[in-house]
Amino acid sequence: MNPFGILIGLVTFTIIGLGFPLVIRGERYLGYLWWPYMMGIGFLIIIASLFISTDWLSVVTGVLGATFVWGSTELKEQAVRAELGWFPFNANKIKPPFEEVIKKWKAPHL
Amino acid sequence: MEINTLGLTAALTAFLSIWLGHVAVRKIEATSRTIWIPTITALALGLITEYCSLITDNLSLKTALGILGVTLLWDAFELHRQEKRVKHGHAPANPNNPRHAKILAEHSTATTLDLLKRDPVGRPVPPDEAPKLITH
């Protein structure tokens, strides 16, 4: 009867909760075209978790990475929400490197 | 260096259970005639999953069930948030569902249109233009 899983569940809940403002603010100031970078950061964080020998720290790192990957798939829809006025719209976004290339890719949405 | 796959297990479980919950909540809320039956079901499944996490000895399984259980408990709450979105017109109402038909009759903001089903255009979109941009 070891509550490790339940505690991890609660920590996961908190980390996913932080994903909401991450997506909202990220889209507002940077724009949805940053999605490949956000996804890449997520995968790097997950890979980093493989090299952490402390179990709970590896788990927290893995979940943090998953939150970034999931967040990257939410950016496009968040951009539409801001355009519709459901969230504040910011016209002066910081453009991502290789913006023109990224525009040709289909932004993921699940 | 020893590889620890526990973080990867947690990442996969978190991603897949968020995805599952995201799709299931929208689908179930749109088709279910009642909101309380799916809510109670998600709550019960979440609690059972957490209990299974508590009693198993396998650390990977313990972790995965702990994460899945919490997302199921959250999904119970999301069902209500989804119904609110439908009332606000932020999620499409299903006219074939009597509960949604009632929402459409009582809330002027409710709509059958999925206003999010399009690509961003990079500028604010006024309400009268929004339906024209939806892609089918």
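It should be noted that the structure appears before, not after, this text.
Residues numbered from 1 in each chain as written. Chains lettered and ligands numbered in written order. Predicted model: local features only at pLDDT ≥ 70, side-chain atom pairs only at ≥ 80, totals over all residues. Heavy atoms only, no water.

Asks: Looking at this model, I keep getting lost on the layout of surface pockets. Mind explaining?
Replies: Taking a probe equal in size to a water molecule and rolling it over the atoms shows the remaining empty space. Residue and element names in this part refer to chain B. Put simply, the largest pocket is a space of about 1400 Å³. For the lining of the largest pocket, the element with the highest residue contribution is helix α3 (residues 59-88), accounting for 11 residues. Its residues placed into classes, the lining of the largest pocket shows 18 nonpolar, 15 polar and 15 charged. Reported here for the second largest pocket is a volume of approximately 320 Å³. (1 Å grid on protein atoms, 1.4 Å probe; cavity = no way out; pocket = protein on both sides within 12 Å on 5 of 7 lines; lining within 4 Å. Points joined across faces, edges and corners; volume = space filled by probe spheres on them. Helix = DSSP H or I, 4+ residues; strand = E, 2+ residues; numbered from the N terminus. Nonpolar A, V, L, I, M, F, W, Y, C, P; charged D, E, K, R; others polar.)

Asks: Mind showing me how you'd approach the pattern of salt bridges here?
Replies: When their charged atoms lie close together, side chains carrying opposite charge are able to pair. This structure, assessed with the given rule, holds 13 salt bridges over all chains. One salt bridge connects A:Glu27 with A:Lys93, and the closest N-O pair in it is separated by 4.0 Å. You can see A:Glu27 sitting in helix α1 (residues 4-29) and its partner A:Lys93 sitting in the loop between α3 (55-83) and α4 (99-104), a full 66 residues away along the chain. For A:Glu27, a relative accessible area of 3% gives the class buried. Given the relative accessible area of 25%, A:Lys93 is considered partly exposed. A salt bridge links B:Arg118 to A:Glu83; its shortest N-O distance comes to 2.7 Å. Of this pair, B:Arg118 sits in the segment after α4 (98-106) while A:Glu83 sits in helix α3, each in a different chain. The class for B:Arg118 is buried, based on a relative accessible area of 4%. In the salt-bridge network here, residues are joined through shared partners; they are A:Glu74, A:Glu77 and A:Arg81. (Salt bridge = Lys/Arg side-chain N within 4 Å of Asp/Glu carboxyl O. Buried < 20%, exposed > 50% of the residue type's maximum accessible area, 1.4 Å probe, protein only.)

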